Amino acid sequence: NTAVLSSAILITLAGMMLHIHFVKVDHESLLVIGSLGIQVSSSYASGREVTSFIEMSKIKDIVINEAVYLHQIIYYLCVLLKEPSEPNEVSSVVTLFQVSYKSGCPCIIESLFCFSIPLRLLSLR
């Protein structure tokens, strides 16, 4: 019985450590440089940081999308990527602030509406 209990505790602790290292996001950031592109960074609770960069030549548009989830509407920021062979088509959608919009924080919704005007000034088309 003690071996089973000890292994259950170790498995639980290992699961918690993996959750902190791979899932628990501390904060997210977005850096927009009009002539180069967009850099998206996520910092995890363990100190691990993941950064990705999207070139401006691959971006078709930046939109505020909405989704209905259970009994609420969630707004989130998306980057529409161009299809390389067909520039008028969208090849994929990249969701920005993937963790922040899931929290349903009203400040995220307010900040997205505040950013809608400056993002339009980038004149991506």
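Because the structure is a prediction, the values reported are computed rather than measured. Numbers given for residues are sequential positions, taken from 1 along each chain in its written order. Under the rules for a predicted model, residues below a pLDDT of 70 receive no local features and side-chain atom pairs below 80 are neither given nor counted, while totals for whole chains, interfaces and linings still include all residues. Values reported for side chains reflect all heavy atoms of the structure, with hydrogen atoms and water molecules removed beforehand.

Undergrad: With reference to specific residues and values, describe the packing of aromatic side chains.
TA: Aromatic pairing here means that ring centres of Phe, Tyr or Trp (its six-membered ring) are within 6.5 Å. Orientation follows from the plane angle: under 30 degrees is stacked, over 60 is edge-to-face, and everything else is tilted. Counted by the stated rule, this structure contains zero aromatic pairs. The ring centre of Tyr44 lies 4.1 Å from the NZ or CZ of Arg48, which sits over that ring. Note on criteria: charge over ring means Lys NZ or Arg CZ within 6 Å of the ring centre, with the direction from the centre no more than 35 degrees off the ring normal.

Undergrad: I'd like to hear about the pairing of strand β1 (residues 25-33), residue by residue, with values.
TA: Paired strands are those between which DSSP finds at least two bridges. In DSSP terms, a helix is any run of H or I states spanning at least four residues, a strand is any run of E spanning at least two, and both are numbered starting from the N terminus. Taken together, the eight bridges between β1 and strand β2 (residues 37-44) define a ladder with antiparallel strand orientation. Residue pairing in the sheet places Leu31 in a bridge with Gln39 of β2. The turn joining β1 and β2, which pair antiparallel and follow one another in sequence, is formed by three residues.

Undergrad: Outline the environment of His19, supporting the account with residue identities and numerical values.
TA: Within the secondary structure, His19 sits in helix α1 (residues 2-22). Burial classes: relative accessible area under 20% of the type maximum marks a residue as buried, over 50% as exposed, and values in between as partly exposed (1.4 Å probe, protein chains only). For His19, a relative accessible area of 40% corresponds to the partly exposed category. With 26 residues separating them in the primary sequence, His19 and Ala45 have C-alpha atoms 9.4 Å apart.

Geometric values such as these leave the question of function open.
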